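Analysis of the macromolecular model
Each chain, letter by letter, is given below.
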Amino acid sequence: MTVKTEVLILGGGLAGLSTAYHLDQLGKKGRYLIIEKREKVGGRAGSEKKDGFLFDHTGHLLHLHDPYGKKLITNLLRGNLTSHERSTWIHSHGVDTRYPFQANTFGLPPKVIAECVAGFLQNKRRPRALSKHPSFGEWVDKTFGSGIERHFMKPYNEKLWRTPLKGMTTEWQGRFLPSPKAEEVLYGALTDQKKFFGYNAFFRYPTKGGTQALPDALASRIDSKKLSLNSRATHIDLREKVALIEGLGEVRYERLVNTLPLNEFLDIATPLSGAVKAARRRLRWVSVHNLNVGVDRARISDKHWIYFPEKKYPFYRVGFPTNFSRSVGPRGTSSMYIEISRDPKQRVDYRALAKASLAGLRECGVLKRSDRILTSLWIPIECAYVVYDQARTASVHTIMKALAGRGVRSIGRWGGWKYSFMEETILDGKRCAERLLGRRVLESDSRAPLQSLK
Ligand SMILES: Cc1cc2nc3c(=O)[nH]c(=O)nc-3n(C[C@H](O)[C@H](O)[C@H](O)COP(=O)(O)OP(=O)(O)OC[C@H]3O[C@@H](n4cnc5c(N)ncnc54)[C@H](O)[C@@H]3O)c2cc1C
């Protein structure tokens, strides 16, 4: 039997759910079908239960900036949202310093502080112009100077991105990397300045239910008959507008919204032109192997998360979900998420990596020898971070143009092949619904009259 739908939405993560929610809100109730391969919604914004713990796919904190996004998310999670003042640190040279590293070197060995401050001030005294399209490496060097580059920016970012900084662009980092003033760098070298920098001085987190509470709240507002779980897309015929879905069979659609990682979508879509296939081959990403553990001691850390730039630690970041919400672990315990980045082609020995990670956490003092690991759960994130190399923008442009010509919108963090976060993903869904309806996209406005689906 062939199923027919006006809009087929691939993926029941935040992007897919938000598209459906906004189509409903904009008056096109139920003229879509969402298919999701898993037995539940949420995608990477979901949470997994194990032995009394609730583990997210690494840390998922809500940073709300857009007025509409903020209003929608706080409404969806009304009565179930706690605001936290961020406590974020960097562990290097055997000490913890406050985030961001560039503004908080106080506490590091004097020689390291001197190198960081001298390099920064030298840049200020003799600024060097950035080239027209600077690499991330050039930007780091000319913005922060050689000391900050050597002691944090280069080792941390290369550990995360698995790419030389000279091979990356600056397109992604604008909102993610704070650039302090000279006096802030100096003051932060002389004293423990408790000043907030950056995009995430505060964050919100569901009081109960882990980050899964957000996709669940969105899903509860759409018609459950329009959501097909345990339904994996295995082939899309872009010309005939037919999708093959495991568990459902053939689905004929008029418009397609993709939220699967772009690489995975292109691997099941036909026909593709030579230019699109070549652009697909140029897409690069890194995988994150996320080890979650439950520990038999309350409050093993007073922090929210810690960055680890040094090579001797296999992980680049470790966070403490039981400090976001007491409901995600049994009384008297703590939980941790440990994030390890790898090239997607690299084979991972999880036993060895878990052993090395726990040894690292004992060495830096997060775990005590007497701590007992109550449970652990690996969550592999095959496509975690899109690499912004020199080829990314042109490749994405070629692919998106070709897809648009076939009536496909590819959105979300991985469908849109970008570095973004949950609020932005929800807004992607809103914009997508508006565009499907042929509406001019008006940020923060979803009240204007509607037209039919185009
Ligand atoms: C390490 C890490 C940390 C992050 N931290 C934060 C944070 O602190 N704060 C924040 O706001 N954001 C954070 N994010 C970003 C956040 O996860 C994303 O913005 C958001 O989850 C993207 O949702 P999406 O719907 O675009 O994609 P997804 O969540 O990937 O949704 C896609 C859906 O498609 C489904 N699917 C895949 N293949 C198929 C198939 N063949 N057929 C059917 N269904 C399929 C998947 O199961 C999934 O449900 C983080 C991301 C990562 C990787």
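Residues numbered from 1 in each chain as written. Predicted model: local features only at pLDDT ≥ 70, side-chain atom pairs only at ≥ 80, totals over all residues. Heavy atoms only, no water.

Re the overall build of the protein
Broken down by element type, the protein carries 13 helices and 19 strands. For a compact globule of 454 residues, the expected C-alpha radius of gyration is about 22 Å, and the protein comes in at 23 Å, within 12% of that figure. Considering only C-alpha atoms, the protein reaches an extent of 70 × 55 × 45 Å along its principal axes. Residue burial in the protein is summarised as follows: out of 454 residues, 58% are buried. Contacts in the protein between residues at least 24 apart in sequence constitute 73% of all its contacts with a sequence separation of at least 6. For the protein, the computed accessible surface area is about 19800 Å², with 51% contributed by carbon and sulfur atoms. Taken as two groups, the 76 positive and 44 negative side-chain charges of the protein have centres that lie 1 Å from each other. (Helix = DSSP H or I, 4+ residues; strand = E, 2+ residues; numbered from the N terminus. Rg over C-alpha atoms; globule rule 2.2 N^0.38 Å. Buried < 20%, exposed > 50% of the residue type's maximum accessible area, 1.4 Å probe, protein only. Contact = heavy atoms within 4.5 Å. Areas by Shrake-Rupley, 256 points an atom, 1.4 Å probe, with all protein chains shown as cover. Lys, Arg positive; Asp, Glu negative; His and termini not counted. Charge placed at Lys NZ, Arg CZ, Asp CG, Glu CD.)

What to know about the domain arrangement of the protein
Looking at the protein, the domain boundaries give domain 1 (2-44 + 212-284 + 390-436), domain 2 (101-190) and domain 3 (285-386). With centres defined by C-alpha atoms, the gap from domain 2 to domain 3 works out at 26 Å. Each partner contributes to the interface: domain 2 provides eight residues, whereas domain 3 provides 14 residues. Counting every contact that joins domain 2 to domain 3 gives zero salt bridges. Remark: the boundary between domain 2 and domain 3 carries six residue pairs in polar contact (both at pLDDT 80 or more). A per-class count over the side of domain 2 that touches domain 3 returns five nonpolar, one polar and two charged. (Domains from an automatic or database assignment. Salt bridge = Lys/Arg side-chain N within 4 Å of Asp/Glu carboxyl O. Polar contact = N/O pair within 3.5 Å; in protein donor to acceptor, adjacent residues only side chain to side chain. Nonpolar A, V, L, I, M, F, W, Y, C, P; charged D, E, K, R; others polar.)

Quick word on the site of the ligand
As a matter of local geometry, the ligand sits amid 32 residues, with Glu36, Arg44, His60, Leu61 and Met422 nearest to it. Here an oxygen atom of the ligand sits 2.9 Å away from a polar atom, N or O, in the main chain of alanine 15. A distance of 2.6 Å separates an oxygen atom of the ligand from a polar atom in the side chain of histidine 60. Where the shell around the ligand is concerned, the elements lending two or more residues are helix H1 (14-25), strand S18 (373-386), helix H12 (412-415) and helix H13 (422-436). (Near = heavy atom within 4 Å.)

Digging into the environment of glutamate 250
Locating glutamate 250 in the fold gives a position in strand S12 (residues 249-258). Along the chain, glutamate 250 and threonine 2 lie 248 residues apart, while their C-alpha atoms are 5.0 Å from each other. Residues contacting glutamate 250, with those up to four places away along its chain left out, are Met1, Thr2, Val3, Val242, Ala243 and Leu244. Of the polar contacts made by the side chain of glutamate 250, one reaches the side chain of threonine 2; its length is 3.2 Å.

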